[in-house]
Amino acid sequence: MTASEAYNYGVYFLSCNGVDESEFKSLCLVCSLLGIKNNEYPMHKDDDVIMKRFADLLWRVKSGEPLQYVIGKWDFYESTFYVGKGVLIPRPETEELCSLAIRHIKSLGKCTVYDLCAGSGCIGVSVAKACPDAVVYMIEKSADAMFYLLKNAQDIPNAKVICGDIKNTEELKKADVIISNPPYIKSDEIEALQSEVLHEPSMALDGGKDGLDFYRIINDNWSGMLNDNGHLFLEIGNDQGKDILNILTDFKDVNVIKDLYGNDRIVTAIKKD
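Just so you know, these numbers come straight off a predicted model, no measurement behind them. (Residues numbered from 1 in each chain as written. Predicted model: local features only at pLDDT ≥ 70, side-chain atom pairs only at ≥ 80, totals over all residues. Heavy atoms only, no water.)

I would appreciate a short explanation of the nonpolar core in the present structure.
Note that soluble globular proteins tend to have their nonpolar side chains buried in a common cluster. In terms of nonpolar packing, the biggest core is built from 31 residues, with Trp-222 and Leu-248 touching the most fellow members. Residue assignment for this core shows that the elements contributing at least two residues are strand S3 (111-116), strand S4 (134-140), strand S6 (175-180), helix H8 (213-222), strand S7 (226-235), helix H9 (241-247), strand S8 (251-258) and strand S9 (264-271). The element that contributes the greatest number of residues to this core is H8, accounting for five residues. Excluding its chain neighbours within four sequence positions, the residues that come into contact with Leu-248 are Tyr-215, Asn-219, Leu-232, Leu-234, Val-254, Val-267 and Ala-269. The next biggest cluster of nonpolar side chains, apart from the first, holds 28 residues, and it includes Ala-118, Cys-131, Ala-134 and Leu-149. (Core = buried A, V, L, I, M, F, W, Y, C linked by side-chain atoms within 4.5 Å. Buried < 20%, exposed > 50% of the residue type's maximum accessible area, 1.4 Å probe, protein only. Helix = DSSP H or I, 4+ residues; strand = E, 2+ residues; numbered from the N terminus. Contact = heavy atoms within 4.5 Å.)

Just to check I follow, could you spell out the pattern of salt bridges for this structure?
It is possible for side chains bearing opposite charge to pair when their charged atoms get close. Applying the stated criterion across every chain, the model contains 10 salt bridges. As a salt-bridge pair, Arg-216 and Asp-210 come within 2.4 Å of each other at their nearest N and O atoms. For Lys-252, the salt bridge identified is with Asp-273, shortest N-O distance 3.4 Å. Here Lys-252, found in strand S8, pairs with Asp-273, found in the segment after S9; they are 21 residues apart in sequence, far enough to count as distant. Residues joined by salt bridges that share partners form a network here, namely Asp-210, Asp-213 and Arg-216. (Salt bridge = Lys/Arg side-chain N within 4 Å of Asp/Glu carboxyl O.)

Looking at this structure, I do not really get unusual backbone geometry. What am I missing?
Peptide bonds are, in most cases, trans, and in most cases residues other than glycine have a negative phi. Its identity as a non-glycine residue notwithstanding, Tyr-77 has a phi of 55 degrees, on the positive side. Structurally, the position occupied by Tyr-77 is in the loop between strand S1 (73-76) and strand S2 (79-82). Notably, Asp-253 is not glycine yet its phi reads approximately 50 degrees, a positive angle. Positionally, Asp-253 belongs in strand S8.

Teacher, can you tell me more about the sheet that holds strand S5 (residues 159-163) here?
Think of a sheet as strands paired side by side through backbone hydrogen bonds, with each pair either parallel or antiparallel. Pairing within the open sheet is mixed, and its seven strands lie in the order S5-S4-S3-S6-S7-S9-S8. Each edge of the open sheet carries a strand with a single partner, namely S5 and S8. Taken over all neighbouring pairs, the strand axes of this sheet differ in orientation by 15 degrees on average, direction set aside. Of the strands in this sheet, S3, S4, S6, S7, S8 and S9 touch helix H5 (residues 92-108), which is tilted by about 160 degrees from S7. Packed onto the sheet, helix H7 (residues 143-153) meets S4 and S5 and runs at close to 165 degrees relative to S5. (Pairing = 2+ DSSP bridges. Axes fitted to C-alpha atoms, helices over the stretch in contact; angles between N-to-C directions.)

Please clarify how a nonpolar patch on the surface should be interpreted in this entry.
Among the surface-exposed residues, Met-1, Tyr-9 and Tyr-12 lie close enough to one another that they form a single nonpolar patch of about 320 Å² accessible area. Among the secondary structure elements, Met-1 is positioned in the segment before helix H1 (3-16). Judged by relative accessible area, which is 39%, Met-1 ranks as partly exposed. (Patch = residues over 30% accessible without salt bridge, like charges linked within 9 Å, V, L, I, M, F, W, Y side chains within 5 Å. Areas by Shrake-Rupley, 256 points an atom, 1.4 Å probe, with all protein chains shown as cover.)

Here it is as structure tokens:
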């Protein structure tokens, strides 16, 4: 079966089974089997695709498994990251957080950066690649996520992986920048999330009763881990801006930045003197 025939069949199969974005998902599956990027598809329409392998992928998507897990990797910022069951899938809105942090870190030159709740390492690895003068420590406690974090950080000399809980800051030196996309969904709202999202680890989603547990931990435990004038960059939920302003009592110049859709999404702050 040619790539074009496989793509058309995939669109038909997924749409008939009520899967949204059937054209995009079919394209991604075909291109993953061919080992090419989506924009290279027009040049490979006549390439052969093994139907059995393609059918297996279609059934996994049809069953509700996230497309990113099925493919096994996903693009984020300027790199491709390995992902799979047990790790949060990199999302476009987090690229905005990453871009803001990188802009600041580049201005510092040599510095120390912490990526808390690192997950796949999409933030920390992106920062390390873009800012070779920075040493980026990525802290993650999930064994499942650690598998992907180590793969994604491999061969990047200034990216350091630490297996640990962010509730514990012992034996760590002070940093110039802290970045985090922590869990921020309210516990009782998780069951109502999209079925694909429910395949992602609850550990990476559940921010406690009000969704703000990890921001309290960051304020209480990590403000003291920043050097003077150290900067904080956080991703937050789309209605958490006002609450974050009240939680970050150890920081000054706390700013809530909205995303392209007008929702609260990023917080920047500076350690108080």
